[in-house]
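Geometric and topological summary
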Amino acid sequence: MVRLVDYRHSHLTTPKTPLLLLLPSSSSQTQCHILTPTSTLPQPDPADRNPNSMASTANPFSMSLSSKPTAKPSLFNPSELSLRVQTHGVAALRSSNCSVKLSVAKSKSKITATSVQVVDQPPSKTGAAAMEVVEVGLGDRSYPIYIGSGLLNQPELLQRHVHGKRVLVVTNTRVAPLYLEKVVDALTRDNPNVTVESVILPDGEKYKDMDTLMKVFDKAIESRLDRRCTFVALGGGVVGDMCGYAAASFLRGVNFIQIPTTVMAQVDSSVGGKTGINHPLGKNLIGAFYQPQCVLIDTDTLNTLPDRELASGLAEVIKYGLIRDAEFFEWQERNMDALIARDPNALAYAIKRSCENKAEVVSLDEKEGGVRATLNLGHTFGHMNESFGVVYHVSQAIETGVGYGKWFHGEAVAAGMIMAVDMSYRLGWIDDSLVKRVHNIVKQANLPTGPPESVTVETFKAVMAVDKKVADGLLRLILLKGPLGNCVFTGDYDRKALDETLHTFCKS
């Protein structure tokens with residue numbers, strides 16, 4: 001297997017023209033190094049090496065040089081180099097190829113089409129990381145994810161994605177006092193032709209409903225916004241989902257931008273175009289797939305995030321490692337304390353790696369017809385926990401069952417992941433060592449390892465019956481199967497295992 005490693009953070013001399021290096025590693029794999037005038041090899045971090053890494057057997061992606069590059073075939077073409085990713089080891093992806101394109105400009109190198117970048121090392125432990133750009137590859141609807149510190153102080157990043165003269169910023173009562181003025185300044189600085197309106201919504205999952213959504217439409221109509229206007233979502237997942245759905249619906253679709261301010265929104269909900277609101281009978285049952293113009297992640301906004309919400313977002317970070325990125329999971333096991341302590345380099349790396357995983361999946365399956373559904377690990381169990389407060393099938397069941405807002409979404413997902421892992425073990429699909437590792441990392445992240453005591457087996461089953469992943473009356477679940485980093489989305493499982501899991505975690 002050949003690995004693509006982004007070596008922009010470096011200390012060694014680089015060639016004057018792009019250079020492809022194939023170097024042996026300590027394993028049976030080979031590392032593929034792209035050197036450009038501004039990218040150099042980083043110094044390895046001995047503390048970050050794990051001799052027991054499972055990633056070589058679990059990572060389902062390998063890279064090879066494409067025989068049909070998307071650009072001129074010359075390897076040293078300074079404008080573009082094309083690689084092709086051949087997926088293997090995951091049934092849902094065996095027939096698919098996706099392209100990885102590296103655009104090398106005179107001033108920087110940037111990944112512009114999405115497959116997972118296998119990054120062997122976390123960011124440098126010294127100094128602030130430069131802005132990273134991850135692109136969601138969707139043809140003419142592709143868009144960038146900007147990741148870095150102080151990005152709200154760079155107005156050109158936002159202004160390049162505003163095409164008309166009118167902007168509506170949608171935020172909430174918690175975020176507005178912190179960042180609304182800064183965002184308005186970024187949109188209007190040296191840009192007098194743009195006028196900005198704002199609507200401030202009440203804060204909380206319980207307000208993710210039709211009545212609150214109407215406040216956005218009311219403001220847009222009262223302000224006489226036209227089809228060239230841009231909606232800007234400033235806040236966490238609730239604000240992003242509602243603003244995106246409003247943008248998809250207003251005048252049958254207007255541009256919108258995501259500025260997520262929570263870990264949960266930065267690593268998950270702001271990327272991929274899922275928008276919508278809740279219904280009293282189920283979470284996110286009303287909505288649309290609608291992609292933003294860009295996602296701007298200013299990691300400085302996490303400085304004002306409460307500890308509980310920070311931990312909640314880490315549940316989604318853990319999820320990426322479990323379902324598709326074993327090396328990332330192992331990195332988390334070694335660096336969870338740094339993430340909880342808000343180490344800026346650790347957080348920046350976790351956000352970037354999560355966005356790369358999410359972007360690739362969205363590029364392959366935008367409308368959740370197959371592989372994208374695997375991103376819902378723990379969500380079916382969790383949504384019940386959220387409603388009571390808990391993961392997706394489980395998460396959905398917990399969220400819906402306890403009442404929206406009593407548990408954060410990530411807390412529900414964490415409990416749902418624990419339950420999904422338990423069921424996977426009962427089916428004989430994973431070994432007990434992985435069960436223990438998942439339990440340990442969830443606990444280390446200060447997340448719950450089970451649903452609320454108020455959630456019953458009957459409540460779980462009732463909520464899960466109306467989950468979005470039910471097809472022809474069959475409840476399909478995302479479960480782990482095989483080595484770390486592999487999962488399945490299936491309705492083909494022994495119902496006895498599901499019943500045993502529910503009775504283990506819930507009262508009758």
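Up top is the structure these notes are about.
Residues numbered from 1 in each chain as written. Predicted model: local features only at pLDDT ≥ 70, side-chain atom pairs only at ≥ 80, totals over all residues. Heavy atoms only, no water.

A closer look at the pattern of salt bridges
Heads up, the rule is: Salt bridges are defined by distance alone: a side-chain nitrogen of Lys or Arg within 4 Å of a carboxyl oxygen of Asp or Glu. Helix numbering and strand numbering both begin at the N terminus, where a helix is a DSSP run of H or I of at least 4 residues and a strand a DSSP run of E of at least 2. Burial here depends on accessible area, computed with a 1.4 Å probe over protein chains only, as a share of the maximum for the residue type. Under 20% is buried, over 50% is exposed, and the range in between is partly exposed.
A complete count under the given rule lists 19 salt bridges for this structure. The partner of E366 in a salt bridge is R141, and the shortest N-O contact between them spans 2.7 Å. Residue E366 is located in the loop between α9 (344-364) and α10 (379-387), and its partner R141 is located in the loop between β8 (132-136) and β9 (143-148); the two are separated by 225 residues in the primary sequence. You can call R141 partly exposed: its relative accessible area is 40%. A salt bridge links E309 to R174; its shortest N-O distance comes to 2.5 Å. With E309 in helix α7 (residues 307-324) and R174 in the loop between β10 (166-172) and α3 (176-188), this residue pair connects regions lying 135 residues apart in the sequence. One salt-bridge network, held together by shared partners, links D268, E316, K319 and K358.

Quick word on the environment of L447
Definition in use: Whether two residues are in contact is decided by their heavy atoms: any pair within 4.5 Å suffices.
Within the secondary structure, L447 sits in the loop between α13 (432-444) and α14 (457-464). Judged by its relative accessible area of 6%, L447 is buried. Residues L447 and G410, 37 residues apart in the sequence, show an inter-C-alpha distance of 8.2 Å. In contact with L447, other than residues within four places in its own chain, are A311, S312, A315, I318, G410, E411, A414 and V442.

Description of the side chain of H409
Stated formally: Two N or O atoms count as a polar contact when they lie within 3.5 Å, although within protein this holds only if one can serve as hydrogen donor and the other as acceptor, and sequence-adjacent residues are included solely when both atoms are side-chain atoms.
Turning to its location among the elements, H409 is positioned in helix α12 (residues 409-426). Classification of H409 by relative accessible area gives buried; the value is 16%. Separated by 3.3 Å, the side chains of H409 and E316 make a polar contact.

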